[in-house]
Amino acid sequence: MVEQRAGQGDEQHVVERLRAAGCVFAEDEARLLVEAATGSEREAMVRRRVAGEPLEQVLGWASFDGLRVPVVPGVFVPRRRTELLVDVADALLRAAGPGAPVRPVVVELCCGVAAVSAALLHRRPALDLVAADLDPAAVGRARRTLGDRASVLEGDLFRPLPPRLLGRVDVLVANAPYVPTSAIATMPPEARLHESVLALDGGADGLDLHRRIAGEARAWLAPGGSLLVETSEAQADATEALLAAAGLATRVHRDDDRDATVVVGRAEARVG
Ligand SMILES: C[S@@+](CC[C@H](N)C(=O)[O-])C[C@H]1O[C@@H](n2cnc3c(N)ncnc32)[C@H](O)[C@@H]1O
């Protein structure tokens with residue numbers, strides 16, 4: 001009983017320090033930090049959080065689609081809005097119907113720590129999944145997370161993909177950077193100071209990566225395959241126009257609760 005009271009006192013002290021540092025969800029965060037470690041290890045974690053490091057990087061995991069996905073300092077922290085990408089990909093795989101491959105080919109570009117791939121594999125273990133990213137730290141973490149369930153490659157967009165995937169990808173997903181360069185300065189410090197600029201910077205209009213992905217996607221998609229791109233509500237029309245200009249039949253999915261937008265471009269199946 002005495003020990004329990006001391007524990008609760010510790011947690012309250014952490015709440016007060018987090019609150020003083022401006023953490024909006026101080027109670028929830030304190031509970032997670034107190035659960036995660038004790039003694040000097042806990043103290044070091046609280047200090048990192050008070051200094052402004054994202055909670056997920058301090059804890060070493062992010063909650064995503066019901067999973068605890070491991071993250072490492074400096075890499076992009078998976079956001080809840082990106083679960084819409086998983087929902088839409090899952091629905092497309094489910095709708096594939098008779099004649100669909102037993103192990104559909106899924107590629108995740110700009111995978112970061114591979115939260116989307118991990119969530120898709122959790123929902124559908126029978127995927128031939130390849131993920132890729134340019135950032136070696138993200139690739140290393142993604143490889144450890146996905147293990148032998150997927151192949152994780154390092155390189156610029158499509159460049160590291162094996163030629164065997166040309167014309168064979170059923171679902172191609174990408175949460176690529178889409179923040180306009182000039183808007184990075186206005187992002188919360190947690191993102192601006194603790195995530196790599198490579199993970200955020202989408203170029204002058206935020207669409208550099210979307211432009212490049214749309215331009216190359218058709219060569220990799222199977223007939224009837226789909227490209228899914230996360231974007232912002234404000235950029236949705238422009239992202240959709242890029243996919244349409246690449247000859248894909250487009251559709252926009254929006255989820256206001258998660259402030260999430262996904263543009264889908266489908267390569268028409270060949271007739272006859
Ligand atoms: C917004 S983060 C998203 C990460 C992950 N998809 C997620 O949702 O958690 C964008 C990712 O794109 C990667 N990236 C940026 N430019 C790239 C490029 N030219 N080729 C491959 N990956 C790139 C970054 O390293 C970063 O991991």
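Only a predicted model underlies this, so the values are computations on that prediction, with no experimental measurement involved.

Draft legend 1. A look at the overall build of the chain. The helix and strand inventory of the chain stands at ten helices and nine strands. Relative to the 2.2 N^0.38 estimate, which gives 19 Å for 272 residues, the radius of gyration of the chain is 20 Å and therefore close to what a compact globule would have. Considered along the principal axes of its C-alpha atoms, the chain spans approximately 75 × 40 × 35 Å. By residue count, 49% of the 272 residues in the chain fall in the buried class. In the chain, the proportion of contacts linking residues at least 24 apart, taken out of those at least 6 apart, comes to 60%. Summed over all atoms, the accessible surface of the chain reaches about 13,200 Å², with 53% contributed by carbon and sulfur. Looking at charge distribution, the chain has the averaged site of its 32 positive side-chain charges lying 4 Å from that of its 39 negative ones.

Draft legend 2. Geometry of the pairing of strand 7 (residues 221-231). Among the eleven residues in strand 7, ten count as buried, and that is most of the element. Pairing between strand 6 (residues 169-174) and strand 7: five bridges, direction parallel. When the bridges of strand 7 are listed, Ala174 appears paired with Val229. Here strand 7 runs beside strand 9 (residues 260-266); their pairing, made up of six bridges, is antiparallel. Paired with Leu228 across the two strands is Val264, which belongs to strand 9.

Draft legend 3. Representation of the pairing of strand 6 in the model. Counting buried positions along strand 6 yields six of six residues, so the element is predominantly enclosed. Sheet analysis places strand 3 (residues 105-109) next to strand 6, joined by four bridges and oriented parallel. Across the sheet, the residue bridging to Glu108 is Val173, located in strand 6.

Procedures and definitions
- Residues numbered from 1 in each chain as written.
- Predicted model: local features only at pLDDT ≥ 70, side-chain atom pairs only at ≥ 80, totals over all residues.
- Heavy atoms only, no water.
- Helix = DSSP H or I, 4+ residues; strand = E, 2+ residues; numbered from the N terminus.
- Rg over C-alpha atoms; globule rule 2.2 N^0.38 Å.
- Buried < 20%, exposed > 50% of the residue type's maximum accessible area, 1.4 Å probe, protein only.
- Contact = heavy atoms within 4.5 Å.
- Areas by Shrake-Rupley, 256 points an atom, 1.4 Å probe, with all protein chains shown as cover.
- Lys, Arg positive; Asp, Glu negative; His and termini not counted.
- Charge placed at Lys NZ, Arg CZ, Asp CG, Glu CD.
- Pairing = 2+ DSSP bridges.

Honestly, it's all geometry; don't read function into it.
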